[in-house]
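Residue-level listing of the chains:
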Amino acid sequence: MSTTYIFAGFAVGLLVGMTGVGGGSLMTPLLTLLFGVSPAVAVGTDLAFASITKGAGTITHRFNRTVQWPIVGRLCLGALPAALAATLALKYVGGLDEEIGGLIRYSIAVSVMLTVLALLFRGRLLAWIGAHPARQLRGRALAAATVAAGAVLGLLVTVSSIGAGAIGATLLVLLYPHLSAAEVAGTDIAYAVPLTAIAALGHWWLGSIDPALLLTLLIGSVPGITLGAMAARKVPERLLRGLLATTLTGVAAKLVL
């Protein structure tokens, strides 16, 4: 089982490093459905896994200059306070019931498919924006929308561990359509580090992290995400976007099935 955990960590890390997507959207379902880990422990352990794994990936993306730090700052400005508020709510109000949890999963699946459409029709999207520049958010409006998006992400990631990569990529593609696929991946990974770290600390406070499981996953994920991040800039843009679209379609299907 330990070898299987290591392999799963490596595979998820490699995918996240290349696309910025697949951490919580893949690891949490893997832990619960394939390995039989309880949902609460799966969410908490996955958040700790994501914070450390994506920290390693951020270092590599930084050296590749594929992180847009101003965007990272705006997302964190909204996400970090929301994560703290969600942690306190989970502590004093309790966890989400099955109906609300299902609604969150379906909402994430819809947003993920919007990302796929944005990726597949990126050329047309850019052409439309070029023809209608007034429709594209700019300046303060774009900054405010990014902060608000971060707040939504902070809430969703804390309660479900899902959304940091999938919804983050969606928002980056839609709000900043001129970013390359490698920049989407690097920026998406970088902002998720402090967000998942705060959420993980909250779950550690709640007692829902398995340290042994976490360590085993990290043995595979840290080298995996490092290799993936190194490859992100070298892989052809068209191939990387195809990989990202395929990954997201699989994530959406997993969430609704």
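This text follows the structure it describes.
Definitions and cut-offs
- Residues numbered from 1 in each chain as written.
- Predicted model: local features only at pLDDT ≥ 70, side-chain atom pairs only at ≥ 80, totals over all residues.
- Heavy atoms only, no water.
- Helix = DSSP H or I, 4+ residues; strand = E, 2+ residues; numbered from the N terminus.
- Expected span 1.5 Å × (residues − 1).
- Bend = angle between axes of the 7 residues up to and from the residue.
- Buried < 20%, exposed > 50% of the residue type's maximum accessible area, 1.4 Å probe, protein only.
- Polar contact = N/O pair within 3.5 Å; in protein donor to acceptor, adjacent residues only side chain to side chain.
- Axes fitted to C-alpha atoms, helices over the stretch in contact; angles between N-to-C directions.
- Parallel < 35°, antiparallel > 145°, perpendicular 65-115°, else oblique.
- Left-handed = near helix turned anticlockwise from the far one by under 90°.
- Contact = heavy atoms within 4.5 Å.
- Nonpolar A, V, L, I, M, F, W, Y, C, P; charged D, E, K, R; others polar.
- Phe/Tyr/Trp six-rings, centres within 6.5 Å; stacked < 30°, edge-to-face > 60°.
- Lys NZ or Arg CZ within 6 Å of the ring centre and 35° of its normal.
- Core = buried A, V, L, I, M, F, W, Y, C linked by side-chain atoms within 4.5 Å.

### Structural notes on helix H10 (residues 211-232)
Part 1: Taking 1.5 Å of rise per residue, the 22 residues of H10 would be expected to cover 32 Å, and the 30 Å separating its terminal C-alpha atoms lies within 8% of that figure.
Part 2: Within H10, the axis deviates most sharply at Leu 218, by approximately 35°.
Part 3: Taken as a whole, H10 has its buried residues at Leu 213, Leu 214, Thr 216, Leu 217, Leu 218, Gly 220, Ser 221, Gly 224, Ile 225, Gly 228, Ala 229 and Ala 232.
Part 4: In this structure Asp 210 caps H10, since a side-chain oxygen of it lies 3.2 Å from the backbone nitrogen of Ala 212.

### A word on the packing of helix H3 (residues 39-63) against helix H9 (residues 181-206)
Part 1: Between H3 and H9, the least distance of the axes is 7 Å, while the angle of their chain directions is 140°. Regarding the angle of H3 to H9, the classification is oblique. In this structure, the crossing between H3 and H9 has a hand that is left-handed. Residues Val 43, Gly 44, Leu 47, Ala 48, Ala 50, Ser 51, Lys 54, Gly 55, Gly 57, Thr 58 and His 61 of H3 touch H9, and the partners they reach there are Ala 182, Ala 185, Gly 186, Ile 189, Ala 190, Ala 192, Val 193, Thr 196, Ala 197, Ala 199, Ala 200 and His 203.
Part 2: Partitioned by chemical class, the residues of the contact of H3 with H9 number 13 nonpolar, nine polar and one charged.

### Digging into helix H7 (residues 139-160)
Part 1: In this model H7 runs 32 Å from its N-terminal to its C-terminal C-alpha over 22 residues, within 8% of the 32 Å that 1.5 Å per residue would give.
Part 2: Taken as a whole, H7 has its buried residues at Leu 142, Thr 146, Ala 149, Gly 150, Leu 153, Gly 154, Leu 156, Val 157, Thr 158, Val 159 and Ser 160.

### Some points on the side chain of Thr 187
Part 1: Within the secondary structure, Thr 187 is located in helix H9.
Part 2: In terms of polar contacts, Thr 187 uses its side chain to reach the backbone carbonyl oxygen of Glu 183, at 2.8 Å.

### So, the packing of aromatic side chains
Part 1: This model, assessed by the stated rule, comprises one aromatic pair.
Part 2: With centroids separated by 4.6 Å and ring planes inclined at 75°, the aromatic side chains of Tyr 5 and Phe 35 adopt a geometry described as edge-to-face. Residue Tyr 5 is found in helix H1 (residues 2-19), and its partner Phe 35 is found in the loop between helix H2 (23-34) and H3; the two are separated by 30 residues along the sequence.
Part 3: Under the relative-accessibility criterion, Tyr 5 is labelled buried at 13%.
Part 4: In this structure Phe 35 comes out as buried when scored by relative accessible area, which is 14%.
Part 5: For Arg 62, the ring lying beneath its charged end belongs to Phe 63, and the centroid distance is 5.9 Å.

### Considerations on the nonpolar core
Part 1: The biggest cluster of nonpolar side chains holds 50 residues, and the ones touching the most others in it are Leu 31, Val 37, Phe 49, Leu 172, Tyr 176, Tyr 191 and Leu 217.
Part 2: Among the elements that take part in this core, H9 stands out by supplying eight residues, more than any other.
Part 3: Once residues lying within four places of it in the same chain are set aside, the contact partners of Leu 172 are Ile 71, Leu 75, Pro 177, Leu 179, Val 184, Thr 187 and Asp 188.

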